[in-house]
Amino acid sequence: MVSAEFFLLRCRMATWVLLTVWTLLGLMFGYIVPYVMYRSDDGRPNMLEAMLPEQITQTLLDGFPFFGGAIALILGVLAVGSEFGWDTLKTLFTQRPGRGVVFTAKMAALAIMLVPFVVPLFASGAIAGVMIARLEGVDIFWPDAMTVIQGMLAGWLVLAVWASVGVLLAVATRGTSLAIGFGILYTLVIEGLISALAGTVSLLEPIVDLFLRANTYSLVRPLGGAGSGTGDSAATDGPGAFSGPYVDELQALVVLVAYMVVFIGVSAWLLRRRDVA
Amino acid sequence: MKDRVNKRSGFSPGRYVIETDQLTKRYGDIVAVGHLDLRVRQGEVYGFLGANGAGKTTTLRMLLGLIQPTSGKASVLGAKPGTEESLMGVGSMIETPAFYPHLSGRHNLVMLAKYTGTPLKRIDQVLAQVDLSKRADDAFQTYSLGMKQRLGVAAALLKDPVLLVLDEPTNGLDPAGMADMRALIRRLGSGDRTVLISSHLMTEIEQICDRVGVIAGGSLVAEGTVDELRGKDRLLIRVDQIEDARRIVAGLVGEQSVAVSSEVLQVTASNQGEIESAWLNARLVAQGIAVQELRWDRASLESVFLDLTSGQLRQGKRGQSVIHANGQDQESREVAHV
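Residues numbered from 1 in each chain as written. Chains lettered and ligands numbered in written order. Predicted model: local features only at pLDDT ≥ 70, side-chain atom pairs only at ≥ 80, totals over all residues.

## Regarding the interface of chain A and chain B
One widely used convention gives an interface's size as the accessible area the parts lose upon coming together.
Stage number 1. With 22 residues of chain A at the contact, the number on the chain B side is 22 residues.
Stage number 2. Taken together, the elements giving at least two residues each to the side of chain A that touches chain B come down to helix H1 (2–10) and helix H6 (88–93) of chain A.
Stage number 3. Per element, the largest residue contribution to the side of chain A that touches chain B is 5 residues, and it comes from H6 of chain A.
Stage number 4. The class makeup of the residues in the side of chain A that touches chain B is 11 nonpolar, 6 polar and 5 charged. (Contact = placed C-beta atoms within 7 Å. Helix = DSSP H or I, 4+ residues; strand = E, 2+ residues; numbered from the N terminus. Nonpolar A, V, L, I, M, F, W, Y, C, P; charged D, E, K, R; others polar.)

And the structure:
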């Protein structure tokens, strides 16, 4: 069943469009734009360091909490929400397994599908880093394998949590359009605005500590992400900007896993309980 | 069949394949299905006849576990609808067939085969059965409505089910497609497999089904074989001296078989072989009665259906009674509909 669901995701054009967009975004903001800036008059010497292979984990993880989150949210919505639009839930739910089994298979396939959203990005980043190092005539050093693996796992978890938000929104709204709309609105307006205000209104800090944005940035920060290095990153600039407050990395890990479990659990409960009309 | 049913679904032979007890579904104040008692026997092709919005699809969805009843109970193959025990022996197509548009017909069936644990070689068999082998590798979104319907039937057959539930299977098909589909359903139901087919097309039901249940306003209003529902054959005799003719014919076939309606003499018979119309004509003429018209007539299923369903409307959908055409189990109940 998992293989069937994975096959279904693999065969969707939308999956590959999202993967392409995500990988291009990672390369664009991690390497291409910074390198163009570095070669221009605005370039600062520390910008080059961030683009070299040794800094690959730090450079790429910056994009996961915001851009990666949005992409994963859309993937999660499409993975489940489209079933409502196509009316295929009635076909699946009248086969042999129960609804819980069908949903579990879908979630397992989605979890597997998120792996290509991490590994190829790191591979592309490595190629880009090597190319830049060659162009600049700098020696190539690689980070230790454990750092890269931890970075990939953290990146996968960030995507998985956001994908679970997408799944919940899709099940709750029984579709895709409204779910994506709500998701983006929540990411940009609710979390973005309140996080920005938390810097001046201390009362909001405890709330921000529970936000996905705070916890995902806090998770990747110890691994070098979230603008921990150069200060020039997606974490500190642009629509996904986040400048704290950060929480403890263990707390971030626990909170994110708990969120994922809750989001998936509520989705499963709704799907089992509701009529398929 | 019995072995197959036992092994695959745990269903005990001899019981009803489908059994509902006061099955009801309400949406707020609206009663979609009200106190439905439905019993489908093993091996029969049961037609579920009703107008659009009568509650057919809602009933079928409840039988497949897609929607939960507000009250009442149902059992399908001896198990609660929607459970693995029930679904493992049921193949279904509810309303428009729903498949993944970007996948081919074959890949859609592969998906379902993986869910049901069906060997993949079965896919070619069912595709051939519905005559879709040539287009099997094209994307579902490129299929015509008829091809989509056929893929829906193929998907329903994939598990080689002991119970087949088909909701309006000829919807949107052209006349040739409808004839093909009817032939296919007749073939599928000719063995031990039980088929529950819903439709609002009288000819379809008349040609395919062993037994028919008529649903109106969410309630079963009549049940029986097509012959039972259509009633007895009638010999209609139009004459000048109607009272003399009635007396003569009553003397020949019995008082209870003769009636006068709209200045026409009606002689009822179990079948047309029971009364020799030429002989009756000769006897009337011999008695000096001029016979203007003499012909056999029988109520069509359509007229029976319209009588039953318009009766429901006239009653304001209250105080409905189920007519069992075989004369058994007359029941009455009060159902409040809005």
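Now that the structure has been shown, we can carry on.
## A closer look at helix H4 (residues 105–116) of chain B
Stage number 1. A rise of 1.5 Å per residue sets the reference length of H4 of chain B, with its 12 residues, at 16 Å; its end C-alpha atoms lie 17 Å apart and thus fit the reference within 8%.
Stage number 2. With 10 of 12 residues buried, H4 of chain B is to be regarded as a mostly interior element.
Stage number 3. Restricting attention to buried positions, one finds in H4 of chain B the residues Gly105, Arg106, His107, Asn108, Leu109, Met111, Leu112, Ala113, Tyr115 and Thr116 of chain B.
Stage number 4. Of the surrounding elements, those touching the buried residues of H4 of chain B are H1 and H6 of chain A together with helix H5 (121–129) and helix H6 (145–157) of chain B. (Expected span 1.5 Å × (residues − 1). Buried ≥ 20, exposed ≤ 12 C-beta atoms within 10 Å, placed from the backbone.)

## Describing the nonpolar core
Stage number 1. Residues Val161 and Ala163 of chain A together with Ala154 of chain B are the most contacted members of the largest nonpolar core, which totals 146 residues.
Stage number 2. A total of 14 residues in this core trace back to one element, the largest contributor, which is helix H9 (residues 145–173) of chain A.
Stage number 3. Once residues within four sequence positions are removed from consideration, alanine 154 of chain B is found in contact with Leu109, Val126, Leu127, Gln129, Val130 and Leu132 of chain B.
Stage number 4. In this structure, Val239, Ala245, Val249 and Val258 of chain B belong to the second largest nonpolar core, which totals 12 residues. (Core = buried A, V, L, I, M, F, W, Y, C linked by C-beta atoms within 7 Å.)

## Topic: the sheet that holds strand E12 (residues 258–261) of chain B
Residue and element names in this part refer to chain B.
Stage number 1. The strand order across the open sheet formed by 4 strands is E12-E13-E11-E14, and the pairing between neighbours is antiparallel. This sheet does not close on itself; its edge strands, each paired only once, are E12 and strand E14 (291–297). The average undirected angle you get between the axes of adjacent strands in this sheet is 25°.
Stage number 2. By the bridge criterion, 4 bridges tie E12 to strand E13 (residues 264–269) in an arrangement that is antiparallel. Pairing of serine 261 across the sheet is with valine 264, part of E13.
Stage number 3. Set on the sheet, helix H11 (residues 277–286) makes contact with strand E11 (233–239) and E14; between it and E14 the angle comes to about 160°. (Pairing = 2+ DSSP bridges. Axes fitted to C-alpha atoms, helices over the stretch in contact; angles between N-to-C directions.)

## Here we look at the environment of glycine 183 of chain A
Residues and elements named next belong to chain A.
Stage number 1. Considering the arrangement of structural elements, one finds glycine 183 in helix H10 (residues 177–198).
Stage number 2. Taking C-alpha positions, glycine 183 is 14 Å from alanine 160, a pair spaced 23 residues apart along the chain.
Stage number 3. Setting aside residues up to four positions removed in sequence, glycine 183 forms contacts with Leu73, Val77, Val165, Gly166 and Leu169.

## Concerning unusual backbone geometry
Stage number 1. Although it is not a glycine, leucine 77 of chain B sits at a positive phi angle of roughly 55°.
Stage number 2. You can see leucine 77 of chain B is positioned in the loop between strand E5 (71–76) and helix H3 (84–87).

## Points about the pairing of E13 of chain B
All names here are of chain B.
Stage number 1. Two elements, E11 and E13, share 5 bridges in a ladder whose sense is antiparallel. From the neighbouring strand, leucine 236 faces E13, where its bridge partner is glutamine 266.
Stage number 2. Between E12 and E13, which pair antiparallel in sequence order, lie 2 residues; one of them, serine 262, sits at a positive phi of approximately 50°.

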